[in-house]
Amino acid sequence: LDAGYAVLTSCYGSWVPDDADGWKLHGLYPLLGFQDETPIGAISLWAWAIQRLLDAAETCDEIDSSNILVAGHSRLGKAALWAAANDPRIGAVLANNSGCGGTAPAAHKVGETLEQMARDYPHWTIPARQGSATKLSFDQHHLVSLVAPRSVYVACAREDLWSDPMGSYLALREASRCWEASVAGDWNWPPMQEVWQQFGKVHNGPLGYHLRPG
């Protein structure tokens, strides 16, 4: 607070239980009147909850609601990205170890796959009707691109291969084309191998990435 920041936090499990068997019984799903066949998953509902926190921020005179960053880790990194893609009030998003369904591309076959995520966490998303995710014409860099021209910061950990840290870097680099066209500057994305070997930190305009040990 002394530095001029306010922080709002809320437990995602209070909005939607992270339980494949019980997520429809408590929280937002019954509160919003959804039925068994409603085409929605927990990640979208968590993203919706983040947007409601923004609504709350707008009621606080002490908070500059025009200058908001949303942050999330792992499954909440996915939700933070989806919230930012859908809500222009979010000026910046920090996705930490967001992995599959977050910043890690399905086409980069490292770590968790969309098929594994759907099997282990079937309540998170709407299952694909047919076909392989790797054959789709879009991937996670398109999700990141939806936040343009606002700020995106991707944080990863070297030993968390399940969340594919290098794939996340490649997705951010690919998505950066949506920023480069309108943001002047000397854009430089080092080779993936260099970032991996040096625990790299990369900053280009409103985009940033780092790979930490551990």
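Rules behind the numbers
- Residues take numbers from 1 onward in each chain, read along the sequence in its written order.
- Note on the predicted model: pLDDT of at least 70 is required for a residue's local features to be given, and 80 or more for side-chain atom pairs to be given and counted; whole-chain, interface and lining totals, by contrast, use all residues.
- Side-chain metrics in this entry use all non-hydrogen atoms of the structure; hydrogen atoms and water are not considered.
- Secondary structure elements follow DSSP: runs of H or I no shorter than four residues count as helices, runs of E no shorter than two count as strands, and numbering proceeds from the N terminus.
- By definition, disulfides here are pairs of cysteine sulfur atoms that lie within 2.5 Å.
- Between buried and exposed lies partly exposed: a residue is buried under 20% and exposed over 50% of the maximum accessible area for its type, with that area taken using a 1.4 Å probe on protein chains only.
- Only one rule defines a salt bridge in this text: a Lys or Arg side-chain nitrogen within 4 Å of an Asp or Glu carboxyl oxygen.

1. Thoughts on the environment of K109
Reasoning step 1: Position of K109 among the secondary structure elements: in the loop between strand 2 (90–96) and helix 5 (114–120).
Reasoning step 2: Between the alpha carbons of K109 and S182 there is a distance of 31 Å; along the sequence they are 73 residues apart.

2. Quick look at the state of the cysteines
Reasoning step 1: Tallied over the entire structure, the rule returns zero disulfides.
Reasoning step 2: Between C156, a cysteine without a disulfide, and C100, which holds the nearest cysteine sulfur, the sulfur-to-sulfur distance is 13 Å.
Reasoning step 3: Judged by relative accessible area, which is 2%, C156 ranks as buried.
Reasoning step 4: Cysteine C178 remains unbridged, with the sulfur of C156 as its closest cysteine sulfur at 19 Å.
Reasoning step 5: Of the residues examined, C178 reaches a relative accessible area of 41% and is grouped as partly exposed.

3. Some remarks on the pattern of salt bridges
Reasoning step 1: Applying the stated criterion across every chain yields a total of seven salt bridges.
Reasoning step 2: D120 is the partner of R119 in a salt bridge, and the nearest nitrogen-oxygen pair spans 2.9 Å.
Reasoning step 3: The exposure class of R119 is exposed, given its relative accessible area of 57%.
Reasoning step 4: The exposure class assigned to D120 is partly exposed, which follows from its relative accessible area of 36%.
Reasoning step 5: A salt bridge links R177 to E174, with the nearest nitrogen and oxygen atoms 3.4 Å apart.
Reasoning step 6: On the accessibility criterion, R177 (57% relative accessible area) is exposed.

No statement about biological role is implied by the geometric values presented.
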